[in-house]
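Structural description and commentary
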Amino acid sequence: MASSITSIEREFFRTLNRVVEPLIRAGLGSPRIVPGGLIVLETRGRVSGRLVRTPLAATRLGGYVLVATVRGKRSQWVLNLVADPKVRFWVGGQARDARAFVIHEGKRFRVPRSLPRPVRLVAEILAPYRKAGWAFAILSPNPR
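Residues numbered from 1 in each chain as written. Predicted model: local features only at pLDDT ≥ 70, side-chain atom pairs only at ≥ 80, totals over all residues. Heavy atoms only, no water.

Within the structure shown, the criterion is met by two aromatic pairs. Here the aromatic residues Tyr129, Trp134 and Phe136 are joined through ring pairs into a cluster of three or more. One Lys or Arg, Arg25, reaches over the ring of Trp90 and ends 5.6 Å from the middle of that ring. (Phe/Tyr/Trp six-rings, centres within 6.5 Å; stacked < 30°, edge-to-face > 60°. Lys NZ or Arg CZ within 6 Å of the ring centre and 35° of its normal.)

Okay, structure coming up:
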């Protein structure tokens, strides 16, 4: 029963993502005036090696972006980020390269000193929620 629910859940999100991903990548729903909105996160599949694009709710933290899921490690994008933290994301219709700092269950998380103090504080506040199965990633923009 659990595997059929997981299968249905997976197919639901795949179908939804196919419909909304091009719209979000074009800039629809991007965080602009308010800090929250939608982005498309591009990861490299940890098994297939293919590029995978996933629409996600996101919050801007200055030049950084926070994405989260209550599905934890059931979310393939989380596992892909753990395997390869170099990512690209689309916001406002533009692609940006970034490095992801992942906070998830089962992994001891140390807040990187390279993050600005306000972003480190947010990471420290969120870290205990990983024990409830949540997963978070802070996308740190790559300097050009």
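Attention shifts here to the pattern of salt bridges. When the charged atoms of two side chains with opposite charge come close together, those side chains can pair. Following the criterion strictly, the structure yields five salt bridges and no others. Between Glu21 and Arg25 there is a salt bridge whose closest N-O contact spans 2.6 Å. With Glu21 and Arg25 both in helix H1 (residues 2–25) and four residues apart, this pair spans about one turn of that helix. Overall, Arg25 belongs to the partly exposed group, its relative accessible area being 27%. Where Arg53 meets Glu42, a salt bridge forms, and the shortest distance between an N and an O atom there is 2.9 Å. Residue Arg53 is found in strand E2 (residues 51–61), and its partner Glu42 is found in strand E1 (residues 36–44); the two are separated by 11 residues along the sequence. Where salt bridges share partners, they join Glu42, Arg53, Arg88 and Asp97 into one cluster. (Salt bridge = Lys/Arg side-chain N within 4 Å of Asp/Glu carboxyl O. Helix = DSSP H or I, 4+ residues; strand = E, 2+ residues; numbered from the N terminus. Buried < 20%, exposed > 50% of the residue type's maximum accessible area, 1.4 Å probe, protein only.)

Residues of helix H3 (residues 117–126) that are buried include every one of Val119, Arg120, Ala123 and Leu126, and no others. Viewed along the axis of H3, the buried residues span an arc of 130°, placing them on a single side of the element. Those residues of H3 that are exposed and angled more than 90 degrees off the buried face are Arg117, Pro118 and Ile125. Each element contacted by the buried residues of H3 is listed here: E2, strand E3 (64–69), strand E5 (94–104) and strand E6 (135–141). (Arc of directions from axis to C-beta. Contact = heavy atoms within 4.5 Å.)

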